[in-house]
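Residues per chain, in single letters:
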Amino acid sequence: MTADLFPTYRGHMEYFCLGCGKRFPTDELHYTCPECGGVFLLDNLLFDDLKKRSGKQWREIFDSRAASKKTALRGIFRFYELMAPVLEEEDIVYLGEGNTPVIESSPGLNQTTGMTTAYKNDGQNPSASFKDRGMACGFSYLRSLIRQNAWDQILTVCASTGDTSAAAALYASYVGGAIKSVVILPHGKVTPAQLAQPLGSGAVVLEVPGVFDDCMKVVEHLADNYRVALLNSKNAWRILGQESYAFECAQWFDWDMKNKCIFVPIGNAGNITAIMAGFLKLYELEIIADLPRIFGVQSHHADPVYRYYAVDDPKERQYEPVTVAASVAQAAMIGNPVSFPRVKYFAEKFEAIGGEDSFQVLQVTEQQIMDSMIQANMHGHIACTQGGESFAGAKRALELGLVTPEELCILDSTAHQLKFVDFQNMYFDNSFPPEFEITPDMTLANTPELVISPEEKSALSPEEYTRTTANKVVAKLGLEKK
Ligand SMILES: *Cc1c(COP(=O)(O)O)cnc(C)c1O
Ligand SMILES: [Zn+2]
């Protein structure tokens, strides 16, 4: 089989409700269970057919596809059979998502922390966050529905902490045609870059006072009562696309996940769900021999999943939403994660195979998140605040003796540093509002210095200006003549 042929295998997918267990065909767009309102997973009833190939054969197929020149196989659909093998080639939307690199930390950084870390830079996706993985799958499915039903209009809607709307608006504007995009944001709670993104993509941007959880309620009311395609992470197609993170991670390390730990920030808990689900599929098909260990990380200002798992005895655990406080990990500042039932479902499966310590959730402070992001980026990474949270989580795990220095800690930087520069600026200017509870380490503060004033400049001829300025730079840097 050559890598440039589109796969011929087709699965049979169904929505499977985690609330009531009922199943529904995927020829209809469902956001949540029409019977009980529970969240769905997508289940391929013909998954076992994939076992006719050995793990080795699958590894070879996926490796050969890495060189494919076929657009539909260049991104997350390289792993077509594991993802949404009901889509046709013409349905697949590819905007360059996936294939994000894993960058080993510098020896300097590893020496400082006493562990070995690496960042998987999901900020190197087209809209600069991992959300593109889920949107690529979600919009591909929408395209198949539009094609099959000959729809002439469909409104896509999402509530967002910033990155979901940026991704949704990007994919919607590319697909165009029947698709119109609306995003609902918490007023004043997304960064300027994240607001600029859906505006630049031409989406209708609506703002409401409050936090993400408020936007979510509005959007769900719309979905319950009107015909719209909701693209929040309750949408099971998005979770499916996000599984590609796990597939890529395994492929990057030549399918060897032994002694590897993955640190993932948790907001609505869709990403960590998808990562666990993805690794479980690889394990079931014997594509990998060992599961990695997965660590969810939450800020002390938004930690409902941490609180749940902090209770040792599973029978004593009780899920309760929390009221969030200000968080620099703004994209994960969520008090009532919609994918919590999915986390529980996959965590149980994960622990049944990988043992009790194969899935854990850690809590870190806002201070640790910011310090970690600044530290990582000063060593050549491009971590966002949530990436700082992953790193802080790894340090916390080492401190608690949960990881050994021999294990490789893979940190998920879920977005690009540039989306969250405002927090970097607050750190360097020491201007965090008190509710963040962050005191910057001013030895790390980095601010631009004006070398020469505009007044001085205007008094000088062009030649004098160049020479004077150069001399000032020389004096500042203490340069010696060669
Ligand atoms: C959405 C998002 C998160 C949180 O992911 P969940 O799937 O909601 O847990 C973390 N970081 C960034 C940058 C995000 O955009
Ligand atoms: Zn149900």
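Note that the structure is a prediction, hence the values are computed from the model and not measured.

Thoughts on the overall build of the protein
Here is step 1: Counting its secondary structure elements, the protein contains 17 helices and 13 strands.
Here is step 2: For the protein, the C-alpha radius of gyration of 24 Å lies close to 23 Å, the compact-globule estimate for 482 residues.
Here is step 3: In terms of overall dimensions, the protein has a C-alpha envelope of 75 × 50 × 50 Å along the principal axes.
Here is step 4: Taken over 482 residues, the protein has a buried fraction of 55%.
Here is step 5: Long-range pairs, those at least 24 residues apart, make up 72% of the contacts in the protein with a sequence separation of at least 6.

Quick look at the coordination of the zinc ion (ligand 2)
Here is step 1: Protein-derived coordination of the zinc ion (ligand 2) comes from Cys 17 (SG), Cys 20 (SG), Cys 33 (SG) and Cys 36 (SG), at a distance range of 2.3 Å.
Here is step 2: Geometry at the zinc ion (ligand 2) is tetrahedral, judged from the four donor atoms that bind it and their angles of 96 to 115 degrees at the metal.
Here is step 3: Sequence spacing among the residues donating to the zinc ion (ligand 2) works out to C-x2-C-x12-C-x2-C. Placement of Cys 20 in the loop between strand E1 (13–17) and strand E2 (23–25) and of Cys 36 in the loop between E2 and strand E3 (40–44) is noted, with a sequence separation of 16 residues between them.
Here is step 4: A relative accessible area of 35% means that Cys 20 is categorised as partly exposed.

Describing helix H9 (residues 244–252)
Here is step 1: The element H9 is extensively covered by neighbouring structure, given that eight of its nine residues are classed as buried.
Here is step 2: Count one or two residues on from H9 and you reach Asp 254, which has phi positive near 55 degrees.

Looking at the sheet that holds strand E9 (residues 229–230)
Here is step 1: The strand order across the open sheet built from four strands is E8-E7-E6-E9, with neighbouring strands paired in parallel fashion. Every other strand in the sheet has two partners, leaving strand E8 (204–208) and E9 as the edge strands with one partner each.
Here is step 2: Strand direction decides the pairing type here: strand E6 (residues 154–159) and E9, joined by two bridges, are parallel. Across the sheet, residue Val 157 finds its bridge partner in E9, namely Leu 230.
Here is step 3: Those strands touched by helix H6 (residues 192–200) are strand E7 (179–186) and E8, and its axis lies near 140 degrees from that of E8.

Describing the environment of Gln 367
Here is step 1: Checked against the element boundaries, Gln 367 lands in helix H13 (residues 366–377).
Here is step 2: In this structure, the C-alpha to C-alpha distance between Gln 367 and Phe 436, residues 69 residues apart in sequence, is 8.2 Å.
Here is step 3: There is a polar contact of 2.7 Å between the side chain of Gln 367 and the backbone oxygen of Thr 439.

As for the packing of aromatic side chains
Each pair of aromatic rings is reported with the distance of its centres and the angle of its planes.
Here is step 1: Inspection of the entire model under this criterion finds 21 aromatic pairs.
Here is step 2: Taken together, a centroid distance of 6.2 Å and an interplanar angle of 90 degrees make the contact between Tyr 15 and Trp 237 edge-to-face. Of this pair, Tyr 15 sits in strand E1 while Trp 237 sits in helix H8 (residues 236–242); the two residues are 222 residues apart in sequence, bridging distant segments of the chain. Each member of the pair, Tyr 15 together with Trp 237, is buried.
Here is step 3: Considering the side-chain rings of Tyr 309 and Phe 359, the 5.2 Å spacing of their centres and the 75 degrees angle between planes classify their relative orientation as edge-to-face.

Some words on the sheet that holds E3
Here is step 1: The strand order across the open sheet built from three strands is E2-E1-E3, with neighbouring strands paired in antiparallel fashion. The open sheet terminates on both sides in strands that have one partner only, identified here as E2 and E3. The average angle at which neighbouring strand axes cross in this sheet is 35 degrees, direction not considered.
Here is step 2: Pairing of E1 with E2 involves three bridges; the strand directions are antiparallel. Counted as the bridge partner of Phe 16 is Arg 23 from E2.

A few points about unusual backbone geometry
Here is step 1: Not every positive phi belongs to a glycine, and Asn 99 is a case in point at roughly 55 degrees.
Here is step 2: Secondary-structure assignment places Asn 99 in the loop between helix H2 (71–74) and strand E4 (102–104).
Here is step 3: The phi torsion at Glu 286 lies on the positive side, around 60 degrees, for a residue other than glycine.
Here is step 4: Since its relative accessible area comes to 59%, Glu 286 is described here as exposed.

Quick look at helix H5 (residues 163–175)
Here is step 1: Relative to the 18 Å expected for 13 residues at 1.5 Å per residue, H5 spans 18 Å between its end C-alpha atoms, a close match to the ideal helical length.
Here is step 2: By the criterion of burial, H5 is predominantly enclosed, with 10 of the 13 residues buried.
Here is step 3: If you check which residues of H5 are buried, you get Asp 163, Thr 164, Ser 165, Ala 166, Ala 167, Ala 168, Ala 169, Tyr 171, Ala 172 and Val 175.
Here is step 4: Contacts from the buried residues of H5 go to helix H4 (131–149), E6, E7, H6 and H8.

Structural notes on the pattern of salt bridges
Here is step 1: Per the stated rule, a full pass over the model turns up 24 salt bridges.
Here is step 2: Here Lys 52 makes a salt bridge to Asp 49, at a shortest N to O gap of 3.9 Å.
Here is step 3: In this structure Lys 52 comes out as exposed when scored by relative accessible area, which is 69%.
Here is step 4: Overall, the relative accessible area of 34% leaves Asp 49 in the partly exposed class.
Here is step 5: Between Lys 70 and Glu 89 there is a salt bridge, with the nearest N and O atoms lying 3.2 Å from each other. Note that Lys 70 is positioned in the loop between helix H1 (55–65) and H2 and Glu 89 in the loop between H2 and E4, a separation of 19 residues in sequence.

Notes on the site of ligand 1
Here is step 1: The environment of ligand 1 is formed by 13 residues, the closest being Lys 131, Asp 163, Asn 268, Asn 271 and Thr 414.
Here is step 2: Separating an oxygen atom of ligand 1 from a side-chain N or O atom of Asp 163 is a distance of 2.6 Å.
Here is step 3: Protein chains bury 97% of the 380 Å² of accessible surface belonging to ligand 1 in isolation.
Here is step 4: The cavity that encloses ligand 1 is the largest cavity.
Here is step 5: Of the residues assigned to the shell around ligand 1, the class counts are five nonpolar, six polar and two charged.

Conventions and cut-offs
Residues numbered from 1 in each chain as written. Chains lettered and ligands numbered in written order. Predicted model: local features only at pLDDT ≥ 70, side-chain atom pairs only at ≥ 80, totals over all residues. Heavy atoms only, no water. Helix = DSSP H or I, 4+ residues; strand = E, 2+ residues; numbered from the N terminus. Rg over C-alpha atoms; globule rule 2.2 N^0.38 Å. Buried < 20%, exposed > 50% of the residue type's maximum accessible area, 1.4 Å probe, protein only. Contact = heavy atoms within 4.5 Å. Donors = N, O, S within 2.8 Å, 3.2 Å for Na, K, Ca; no water. Tetrahedral: all angles 85-135°; square planar, octahedral: opposite > 155°, others 65-115°. Pairing = 2+ DSSP bridges. Axes fitted to C-alpha atoms, helices over the stretch in contact; angles between N-to-C directions. Polar contact = N/O pair within 3.5 Å; in protein donor to acceptor, adjacent residues only side chain to side chain. Phe/Tyr/Trp six-rings, centres within 6.5 Å; stacked < 30°, edge-to-face > 60°. Expected span 1.5 Å × (residues − 1). Salt bridge = Lys/Arg side-chain N within 4 Å of Asp/Glu carboxyl O. Near = heavy atom within 4 Å. Areas by Shrake-Rupley, 256 points an atom, 1.4 Å probe, with all protein chains shown as cover. 1 Å grid on protein atoms, 1.4 Å probe; cavity = no way out; pocket = protein on both sides within 12 Å on 5 of 7 lines; lining within 4 Å. Sits in = over half its atoms within 2 Å of the grid points. Nonpolar A, V, L, I, M, F, W, Y, C, P; charged D, E, K, R; others polar.

Honestly, it's all geometry; don't read function into it.
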